[in-house]
Amino acid sequence: MAVTGRLALLVALGALVVGLGVPSLLGVLLVSGTLALVAVLDALAAVPVGSLHLDREQDPDRVTTLRLGTSLEVALRVANPGRRRATLVLRDAWEPSAGALPARHRLVVPAGERRRVATTLTPTRRGDRDAVRVTVRSLGPLGLAARQGGRTVPARVRVLPPFGSRRHLPSRLARMREFDGRRAIQVRGQGTEFDSLREYVAGDDVRSIDWRASARSPELVVRTWRPERDRHVLVVLDTGRSSAGRVGARAGSDGPRLDAALDTALLLAALASRGGDRVDLLALDREVRASVLGATAGDLLPALVTAMAPLEPRLVETDMRLLAASVLARAGQRSLVVLVTGLDEAAVTEGLDPVLGSLLRRHTVLLAAVDDPELATMAAGRGDAEAVYTAAAAETARAARRRTAERLARRGVEVVDAGPEELPPAVADRYLALKAAGRL
Amino acid sequence: MTEGDVARGDAAASSAATTTAGRRWRGPVLVVGLVLLAALVIAVLGAAPRTGELDPEAASPDGARALAALLEAQGVRVETVTDLDAATAGAGRTVLVALPAQLSTRQRDALAASRADLVLVRPDERTLTALAPGVRPEPIELPEPTEPACGLRAAVLAGPVDLAGAAYSTADPAAARCYPTGTPSGAVSLVEVRDRGRTVTVVGDAAPFTNDVLDERGNAALALNVLGAHPDLLWYLPVPPPAEPGQERGTSELLPPGWVWGPAQLLVAGLALALWRGRRLGRVVTENLPVVVPAGETVRGRARLYRRAGARDRAAAALRADARRDLAGRLGVPRSAGDGAVVDATAGRTGWPAGAVGALLAGPAPADDAALVTLAGELDRLRSAVRDASGATPGAPGPRA
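Note that this is a predicted model, so its numbers are computed, not measured.

On to the overall build of chain B, then. The helix and strand inventory of chain B stands at 13 helices and 10 strands. Taken across its 401 residues, chain B has 38% of its residues classed as buried. The contacts in chain B between residues at least 6 apart in sequence include a share of 63% that link residues at least 24 apart. Of the roughly 22,700 Å² of accessible surface on chain B, a fraction of 58% belongs to carbon and sulfur atoms.

Below is the structure:
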């Protein structure tokens, strides 16, 4: 049971009746008691909440998806099978970060009819968001009091990562086309594979003439080459402790390192799949959190964002042995293993170093680390003792990062260390460079 | 685009901005202006509240300073009083009750008990009952009596006067009834009755006594003759007296009995209000939020540790190492060459003394925090000197060349 502002107003107006008409305790009891009785009767006359049918328009078995930064309308259907008109105040509650608006709906459902209540979700973070509970307040015919009840009507939306680095894709694709098979090159070199034989035309490099083939043919035949295709790229996301750090002010929101890592993985996957390579994804810390294997080029990006959506950084040290074992189990042929993790000196020395050998033996390893732009700001601090000590601490941290990166590079790991905005294009560029050099 | 174009563009943009701002503010400004204008009009038109009504000191149109002066000139002593007891107003005096409606009951009783002649200016019914028995007010709007039409000496001498106020009637055959209004009931604007040996004159309008029209028609003659009958005139401007001691009543005593139950009902309304606002539409929703750690936190923590421990040597070493690395890269000194090579190359490029550069890049730890701050500034200066020198080198065009 709940009362309304109308009842409060009536009780307040009752003060006039009491004050001018019956100024006594009896008057107060009489007026208040009458109104209380009327309110109770009004609530009893309201349509019982339990008699209403609530359901969702969405199929409860299918998860609705939307990209972070966009809005989605979720609809609830309210049916009133009774013989009285239902005047309702309804709240379709979702988890707070789902950004459900409006918070409450007012609606009238005539007897035997059904109404649709639309709530707009504007999520503020990635992941799965659940509908929590629908609360219904059914007002009595006088609008003085109401019955209230709630019910769980399950629904779930999956908020996908925004893929903000998508804008870097066209320029990288254009660069890839320059050495792609679409412009067959006739110079044989590292990183190319045999494409086809075709007739010689004036202007072709005479060095590319395939004499053996020409001998069997009435024409002169040249060989063409194209960059390697159908390579395997395995993106490994570290969702452990190092991915939890909140870095820089990324255009409006400062997310954890993991957000930049997801962006990096998406751009690389989009680029590599257009370049004819197979892309797999693995996300893990102490256990495997997400895994996308063997997706076809068309399904790849949807599969990736769906797998990435629920990923959250965890405050545990990543199990590098598990990482190495998982990589080796999933990458049969020689692959490019893109490891998005941190460059903490201790973590690399004790975690990654021991297992790096087994990875490098069979694969090319690219380590991408999200740098904190604030380090540079702190390192440039001058003026007073506190700023200078902070600058010194920042320089120490940068030196350690640099040292770690150099040590990894000496062991043959490709290291890309850049800020959250710069990392996705930097990794894409390094991938293109590796591809052009035939090191995939 | 020339400079003129830029200027024109800016001017157009700023005028557009002004127009937009003007449009946005037009409504509120208009409303405020109208309110101010209305306030001004009301202030001007509704100004000058009636002041000094029948006050013998007041020179306003409603005042009676002219009449008081004329009476003094005729040898009548005019005394202004705001309260009066029966003893003061003895026989052989005239009491002009200027504003009878303001008399309190006690004051009215005191007047009734006195033996002085009374002149009542437009009295209300209660005053009439107490002081001029037998005279009743007549409900006539704005009578316009012209001629005295009676035997009263003052009225006969005055002739036509301005008495467009209230009208009265009386059944007393001995009463003088002057300035009839011409209604069948026989209402008149000036009545003089005799009551217990004194004369009570009821004047229907204060106009004949006021500064405004005293000099018109027979107003002055009427006023002087009515008020100048005795050499002593008490000009009574009644002011409600303060409550007598022991008779003050508190605010609660002025309220009707049982008033307290109205607010009590309001308290119940407050309870209903609290019930209305306090009932939540469904429970509070909680959510597990992901852990998020500011990445720079460890660095700041280490900076605080350095500072608390006074680790100037470590701090200076970190800053120097970074400077050496930067300079080595800029000057093309191989990393294996050692600090001495960097110092030499830097000194050579900038022209700074090698000793000073050496002390800066690889000297002893600073003695205090101030020296550390200075060291950091000097390292920056050295780096920018190298940058400038590199830029100025012939054949190597720098950014400023």
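Next, the rest of the story.
The next point concerns the overall build of chain A. Per the secondary structure count, chain A includes 11 helices and 20 strands. Just so you have it, chain A exposes about 19,600 Å², and 54% of that area is on carbon and sulfur atoms.

Now for the side chain of B:Arg324. All names here are of chain B. Relative to the helices and strands, Arg324 is located in helix α10 (residues 312-331). With relative accessibility at 19%, the residue Arg324 sits in the buried group. Sequence-distant contacts of Arg324, defined by excluding residues within four places in its chain, comprise Asp339, Val342, Leu361 and Ala362.

Our focus in this paragraph is a positive patch on the surface. A cluster of basic side chains, namely A:Arg6, A:Arg104, A:Arg106 and B:Arg277, defines a positive patch on the protein surface. Examined against the element boundaries, A:Arg104 turns out to sit in the loop between β6 (100-101) and β7 (105-109).

Another point: the environment of B:Leu233. Residues and elements named next belong to chain B. Tracing the backbone through its elements, the reader meets Leu233 in strand β9 (residues 232-236). On the basis of relative accessible area, Leu233 is assigned to the buried category, the value being 1%. Between the C-alpha atom of Leu233 and that of Thr80, which follows or precedes it by 153 residues, the distance is 8.5 Å. Apart from residues no more than four positions distant in its own chain, Leu233 is found in contact with Leu71, Val76, Arg77, Val78, Glu79, Thr94, Leu96 and Leu227.

Before going further, it helps to spend a moment on the interface of chain A and chain B. When the parts come together, some accessible area is lost, and that loss is often what is quoted as the size of the interface. In this complex, chain A contributes 63 residues to the contact, which on the side of chain B involves 51 residues. Here chain A meets chain B over a buried area of about 4,700 Å², counting both sides, of which 64% is carbon and sulfur. In this structure, the connection of chain A to chain B is made through 5 salt bridges. The partner of A:Arg125 in a salt bridge is B:Glu287, and the shortest N-O contact between them spans 2.7 Å. Scanning the region where chain A abuts chain B turns up 18 residue pairs in polar contact (both at pLDDT 80 or more).

A full pass over the atoms with the stated rule returns 41 salt bridges over all chains. One salt bridge in this structure joins B:Arg324 and B:Asp339, with 3.3 Å as the shortest N-O distance. Taken together, the residues span a long stretch of sequence, with B:Arg324 in helix α10 and B:Asp339 in helix α11 (residues 339-350) at a distance of 15 residues. With relative accessibility at 37%, the residue B:Asp339 sits in the partly exposed group. The network of salt bridges with common partners includes A:Arg402, B:Asp322, B:Arg325, B:Asp326, B:Arg330 and B:Arg383.

Take the sheet that holds strand β8 (residues 114-121) of chain A next. Residues and elements named next belong to chain A. Here 4 strands make up an open sheet; going across it, the order is β2-β4-β8-β6 and the pairing antiparallel. Sheet topology places β2 (53-56) and β6 at the edges, where each strand pairs with a single neighbour. Here β2 pairs with strand β4 (residues 72-79) via 4 bridges, running antiparallel. Following the sheet pairing, Arg56 is matched in β4 by Leu76.

All names here are of chain A. Judged by pairing direction, the sheet is mixed, and its 6 strands sit side by side in the order β17-β16-β14-β18-β19-β20 without closing on themselves. The sheet terminates laterally at β17 (288-292) and β20 (414-418), the two strands that pair on one side only. Pairwise comparison of adjacent strand axes, ignoring direction, gives a mean angle of 15° for this sheet. In the sheet, strand β14 (residues 232-238) pairs with strand β16 (residues 278-284) via 7 bridges, with the strands oriented parallel. Paired with His232 across the two strands is Arg278, which belongs to β16. Set on the sheet, helix α6 (residues 297-308) makes contact with β14, β16 and β17; between it and β17 the angle comes to about 170°.

The next thing to look at is the packing of helix α10 (residues 385-410) of chain A against helix α9 (residues 297-309) of chain B. As a packed pair, α10(A) and α9(B) sit with axes 8 Å apart at the nearest point and diverge in direction by 125°. Accordingly, the angle class assigned to the pair α10(A) and α9(B) is oblique. The crossing of α10(A) and α9(B) is right-handed. On α9(B), the residues touching A:Ala385, A:Glu386, A:Tyr389, A:Thr390, A:Ala392, A:Ala393, A:Ala394, A:Thr396 and A:Ala397 of α10(A) are B:Val299, B:Arg300, B:Arg302, B:Ala303, B:Tyr306 and B:Arg307. Partitioning the contact of α10(A) with α9(B) into residue classes produces 9 nonpolar, 2 polar and 4 charged.

Side chains that are three or four residues apart share a direction in an α-helix, a result of its 3.6 residues per turn. Those residues of helix α6 (residues 219-227) of chain B that fall on the buried side of the exposure criterion are B:Asn219, B:Leu222, B:Ala223, B:Val226 and B:Leu227. The arc enclosing the buried residues of α6(B), seen along the axis, measures out at 105°, which places them on a common side.

What follows covers the nonpolar core. Within the largest apolar cluster, 49 residues are counted, with the highest numbers of intra-cluster contacts made by A:Val233, A:Val235, A:Leu237 and A:Tyr431. If you tally residues by element for this core, the top one is helix α5 (residues 257-274) of chain A, at 12 residues. Ignoring anything within four residues of it in the chain, the contact list for A:Leu237 reads A:Ala261, A:Leu262, A:Ala265, A:Leu281, A:Leu282, A:Ala283, A:Leu284, A:Met308, A:Leu311 and A:Val340. By size, the runner-up hydrophobic cluster in this structure holds 37 residues, among which are A:Leu375, B:Ala303, B:Val342 and B:Val343.

We now examine the environment of A:Ala93. Relative to the elements of secondary structure, A:Ala93 occurs in strand β5 (residues 86-94). Along the chain, A:Ala93 and A:Arg133 lie 40 residues apart, while their C-alpha atoms are 5.4 Å from each other. In this structure, A:Ala93 is in contact with A:Ala131, A:Val132, A:Arg133 and B:Val285, ignoring residues within four places of it in sequence.

So, about the packing of aromatic side chains. As enumerated under the stated definition, the model contains 0 aromatic pairs over all chains in all. Sitting over the ring of B:Trp276, B:Arg277 keeps its end group 4.7 Å from the ring centre.

Glancing now at the pairing of β17(A). Residue and element names in this part refer to chain A. Inspection of the sheet shows β16 paired to β17 by 4 bridges, in the antiparallel sense. The residue bridging Leu281 from the neighbouring strand is Val292, located in β17. Joining the antiparallel neighbours β16 and β17 is a turn of 3 residues.

What follows concerns empty space enclosed by the protein. Counting across every chain of the model gives 2 cavities of 30 Å³ or more. Put simply, the largest cavity is a space of about 60 Å³. What lines the largest cavity is A:Asp238, A:Ser242, A:Ser243, A:Arg257, A:Leu258, A:Ala261, A:Val340, A:Thr341, A:Gly342 and A:Val370. Looking at the lining of the largest cavity, the element that brings in the most residues is α5(A), giving 3 residues. Grouping the constituent residues of the lining of the largest cavity by class yields 4 nonpolar, 4 polar and 2 charged. Considering the residues around the second largest cavity, the lining is formed by A:Arg382, A:Glu395, B:Leu319, B:Asp322, B:Ala376, B:Leu379 and B:Arg383. Tallying contributions element by element places helix α13 (residues 369-392) of chain B first for the lining of the second largest cavity, with 3 residues.

Residues and elements named next belong to chain B. Looking at chain B, the pLDDT average stands at 78 and 84% of residues meet or exceed 70. Throughout residues 1-17 the model reports pLDDT below 50, and contacts reaching past four residues in sequence, or to other chains, amount to 1 contact. A low-confidence stretch, residues 394-401 stays under pLDDT 50, and its non-local contacts, those more than four residues away or across chains, total 5 contacts.

Moving on, we get to the side chain of B:Arg198. Tracing the backbone shows B:Arg198 in strand β8 (residues 198-203). Discounting chain neighbours no more than four positions away, the residues touching B:Arg198 are B:Leu111, B:Ala112, B:Ser114, B:Arg115, B:Ala116, B:Asp117, B:Leu118, B:Leu131 and B:Val193.

Counted at 1.5 Å a residue, the expected span for α10(A) with its 26 residues is 38 Å, and the 37 Å between its end C-alpha atoms agrees. Positioned one or two residues after α10(A), A:Gly412 has a phi angle of 105°, which is positive.

All names here are of chain A. Topologically, Pro162 is positioned in the loop between β11 (156-160) and α3 (169-178). It is 9.1 Å that separates the C-alpha atoms of Pro162 and Thr70, two residues lying 92 residues apart in sequence. In contact with Pro162, other than residues within four places in its own chain, are Arg67 and Leu68.

What counts and how
- Residues numbered from 1 in each chain as written.
- Chains lettered and ligands numbered in written order.
- Predicted model: local features only at pLDDT ≥ 70, side-chain atom pairs only at ≥ 80, totals over all residues.
- Heavy atoms only, no water.
- Helix = DSSP H or I, 4+ residues; strand = E, 2+ residues; numbered from the N terminus.
- Buried < 20%, exposed > 50% of the residue type's maximum accessible area, 1.4 Å probe, protein only.
- Contact = heavy atoms within 4.5 Å.
- Areas by Shrake-Rupley, 256 points an atom, 1.4 Å probe, with all protein chains shown as cover.
- Patch = residues over 30% accessible without salt bridge, like charges linked within 9 Å, V, L, I, M, F, W, Y side chains within 5 Å.
- Salt bridge = Lys/Arg side-chain N within 4 Å of Asp/Glu carboxyl O.
- Lys, Arg positive; Asp, Glu negative; His and termini not counted.
- Charge placed at Lys NZ, Arg CZ, Asp CG, Glu CD.
- Buried area = accessible area lost by both parts, 1.4 Å probe.
- Polar contact = N/O pair within 3.5 Å; in protein donor to acceptor, adjacent residues only side chain to side chain.
- Pairing = 2+ DSSP bridges.
- Axes fitted to C-alpha atoms, helices over the stretch in contact; angles between N-to-C directions.
- Parallel < 35°, antiparallel > 145°, perpendicular 65-115°, else oblique.
- Left-handed = near helix turned anticlockwise from the far one by under 90°.
- Nonpolar A, V, L, I, M, F, W, Y, C, P; charged D, E, K, R; others polar.
- Arc of directions from axis to C-beta.
- Core = buried A, V, L, I, M, F, W, Y, C linked by side-chain atoms within 4.5 Å.
- Phe/Tyr/Trp six-rings, centres within 6.5 Å; stacked < 30°, edge-to-face > 60°.
- Lys NZ or Arg CZ within 6 Å of the ring centre and 35° of its normal.
- 1 Å grid on protein atoms, 1.4 Å probe; cavity = no way out; pocket = protein on both sides within 12 Å on 5 of 7 lines; lining within 4 Å.
- Points joined across faces, edges and corners; volume = space filled by probe spheres on them.
- pLDDT = per-residue confidence, 0-100.
- Expected span 1.5 Å × (residues − 1).

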